[in-house]
Amino acid sequence: DTIHTIADAPTFEQSRSPTPLHPAVHSLSPTGDITPKNLYSAFSSPTAGLLMCWQYSGSNSKSAAELNHLWSFIQDPEFDTTLHTSFSHDRERKLIEKYLQDDLNPFKANHGWRTSSVPVLLPKEKRKWKSEFDPAIPVLTVDGVHHRDIIDIIISVFEDPISSSFHMTPFEQYWKISETRTVQVFGEAFSSPTCLDAHREVNALPRDQGDDLERMVTPLMLWSDAMHLANFGDASLWPIYLFFGNQSKYTRGKPTAAACHHVTYIPTVSAYLQLFQTRD
């Protein structure tokens, strides 16, 4: 059972009860407005929502492990077996699309999501400019950049009970090989020299009178890579996502831990470039 304490990939054989769905509800909702009661409000019923969740979770090829995963959805208290004859994948997909256009979806403004345009300065053949503020520089405006404020994410995570498992104070780890030899161990962000130095620097700063609050450092780890959204076609997404270094890497490695926080969704720029070249 050791492997399940550090990883829970859908391709692993499940020897114990799978993690409930509801604790991961708030992964996209920093305000916590989404609760188990309205989690499936985008669908015709909680049963339909559970089936759609199974369809779009786990691996692309539904293996034996995925079949076991389906059983965990069927066992959910919200699942009603009497509705199986009225389920329609096409209907539920259309309901999702309609839901995403509504202000009730998790990307609404009071959940911290914003939509902005980003100007990108472009080079031009045989032209030079003295500064980036020259109005003659061609500018490509990329619309539809969905993003969240990192401060909002930090606040929401540390207000969540999961933060009780975070390592707030960095420390050094050593392995005593023998009586004469000791080796420092580097395995976590919160025990790294950089985090220790930052912790000392923050706590050495002057304090205002009456300020006795604990000071801590939050290592933020950002990644970005392309994500293919379907087995067929070229639908893709390029997210920027965030992990907290205060959290153990063994927890961050578990998909059901909801340790990955999406910060930005970057649209594909190639279409904008083609349009820009056509106009030019």
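Residues numbered from 1 in each chain as written. Predicted model: local features only at pLDDT ≥ 70, side-chain atom pairs only at ≥ 80, totals over all residues. Heavy atoms only, no water.

> Before we move on, can you summarise the packing of aromatic side chains with the specific residues and values?
Following the criterion strictly, the structure yields 7 aromatic pairs and no others. Aromatic side chains phenylalanine 158 and phenylalanine 244 sit 5.9 Å apart centroid to centroid with 75° between the ring planes, which places their arrangement in the edge-to-face category. Within this pair, whereas phenylalanine 158 is found in helix α4 (residues 150-159), its partner phenylalanine 244 is found in strand β7 (residues 236-244), the two being separated by 86 residues in sequence. Judged by centre distance (6.2 Å) and plane angle (85°), the ring pair of tyrosine 241 and phenylalanine 243 falls under edge-to-face. Here tyrosine 241 and phenylalanine 243 have matching classes, each one buried. Members of the aromatic cluster, each reached through a chain of ring pairs, are Phe158, Phe166 and Phe244. (Phe/Tyr/Trp six-rings, centres within 6.5 Å; stacked < 30°, edge-to-face > 60°. Helix = DSSP H or I, 4+ residues; strand = E, 2+ residues; numbered from the N terminus. Buried < 20%, exposed > 50% of the residue type's maximum accessible area, 1.4 Å probe, protein only.)

> Give a description of the pattern of salt bridges that names residues and reports values.
All chains considered together, the criterion is met by 7 salt bridges. Close ionic contact of arginine 200 with aspartate 197 constitutes a salt bridge, the shortest N to O distance being 3.0 Å. Placement of both arginine 200 and aspartate 197 in helix α5 (residues 193-203) is noted, with a separation of 3 residues, approximately one turn of the helix. The class of arginine 200 is partly exposed, set by a relative accessible area of 48%. (Salt bridge = Lys/Arg side-chain N within 4 Å of Asp/Glu carboxyl O.)

> Report on the packing of helix α1 (residues 46-55) against helix α3 (residues 89-100), specifying residues and quantitative values.
Think of two packed helices as two axes; the pair is described by the angle between the axes and how far apart they sit. Look at α1 against α3: their axes get within 11 Å of each other, and the N-to-C directions meet at 90°. With respect to α3, the element α1 is oriented roughly perpendicular. Contact with α1, carried on its side by Ala48, Met52 and Gln55, involves His89, Glu92, Arg93 and Ile96 of α3 and no other residues of that element. Its residues assigned to classes, the contact of α1 with α3 comprises 3 nonpolar, 2 polar and 2 charged. (Axes fitted to C-alpha atoms, helices over the stretch in contact; angles between N-to-C directions. Parallel < 35°, antiparallel > 145°, perpendicular 65-115°, else oblique. Contact = heavy atoms within 4.5 Å. Nonpolar A, V, L, I, M, F, W, Y, C, P; charged D, E, K, R; others polar.)

> Describe in detail the nonpolar core, supporting the description with residues and values.
Residues Tyr40, Ala42, Phe43, Ala48, Leu50, Met52, Trp54, Leu70, Phe73, Phe79 and Tyr99 constitute the largest nonpolar core, which totals 11 residues. Counting only elements with at least two residues in this core, the list comes to α1 and α2 (64-74). Among the elements that take part in this core, α1 stands out by supplying 4 residues, more than any other. Leave out the neighbours within four places in its chain, and phenylalanine 43 touches Ala48, Gly49, Met52, Glu92, Leu95 and Ile96. Judged by nonpolar contacts, the second largest core, of 6 residues, contains Ile153, Val157, Phe166 and Val263. (Core = buried A, V, L, I, M, F, W, Y, C linked by side-chain atoms within 4.5 Å.)

> Break down the side chain of histidine 199 for me, with residues and values.
Looking at where histidine 199 falls in the secondary structure, it is placed in helix α5. A residue is classified by how much of its surface remains accessible, and histidine 199, at 15% relative accessible area, is buried. Residues within four places of histidine 199 in sequence aside, it is in contact with Thr169, Pro170, Arg215, Met216 and Val217.

> How would you explain the confidence of the model for the protein chain if you had to name every residue and give the values?
Mean pLDDT for the protein chain: 78, with 74% of residues reaching 70 or above. The secondary-structure element of the protein chain with the lowest mean pLDDT is helix α7 (residues 270-279), recorded at 60, while α5 shows the highest, at 94. Across residues 15-31 the pLDDT falls below 50, and counting only partners more than four positions away or on other chains, this stretch makes 40 contacts in the model. (pLDDT = per-residue confidence, 0-100.)

> With reference to specific residues and values, describe the environment of valine 263.
Relative to the elements of secondary structure, valine 263 occurs in strand β8 (residues 261-266). Overall, valine 263 belongs to the buried group, its relative accessible area being 5%. For valine 263 and arginine 148, which are 115 residues apart along the polypeptide, the C-alpha to C-alpha distance reads 5.2 Å. Ignoring anything within four residues of it in the chain, the contact list for valine 263 reads Trp113, His146, His147, Arg148, Ile150, Ile153, Leu222, Ile240, Tyr241 and Leu242.

> Describe in detail the environment of threonine 194, supporting the description with residues and values.
Mapped onto the elements, threonine 194 comes out in helix α5. Separated by 24 residues in the primary sequence, threonine 194 and proline 170 have C-alpha atoms spaced 9.9 Å apart.

> A description of α4 should follow, citing residues and the corresponding values.
Since one α-helical turn is 3.6 residues long, residues separated by three or four positions face the same way. Ile153, Ser156 and Val157 are the residues of α4 that are buried. The arc that holds the buried residues of α4, viewed along the axis, is 100°, so those residues lie on one side. If you follow the buried residues of α4, they end up packed against β2 (139-148), β7 and β8. The distance from a side-chain oxygen at the start of α4 to the backbone nitrogen of isoleucine 151 is 2.8 Å, and the residue carrying that oxygen is aspartate 149. (Arc of directions from axis to C-beta. Polar contact = N/O pair within 3.5 Å; in protein donor to acceptor, adjacent residues only side chain to side chain.)

> Give a detailed account of α5, specifying residues and quantitative values.
Of the residues making up α5, those classed as buried are Cys195, Leu196 and His199. One face of α5 carries all of its buried residues, which in axial projection span an arc of 100°. Of the exposed residues in α5, those oriented more than 90 degrees away from the buried face are Thr194 and Glu201.

> Can you lay out the pairing of strand β4 (residues 182-185) for me, pointing to particular residues and giving the numbers?
Pairing analysis gives 4 bridges linking strand β3 (residues 173-176) to β4, with the strands arranged antiparallel. Of the residues in β4, the one forming a bridge with tyrosine 174 is glutamine 184. The turn linking β3 back onto β4 is made up of 5 residues. (Pairing = 2+ DSSP bridges.)

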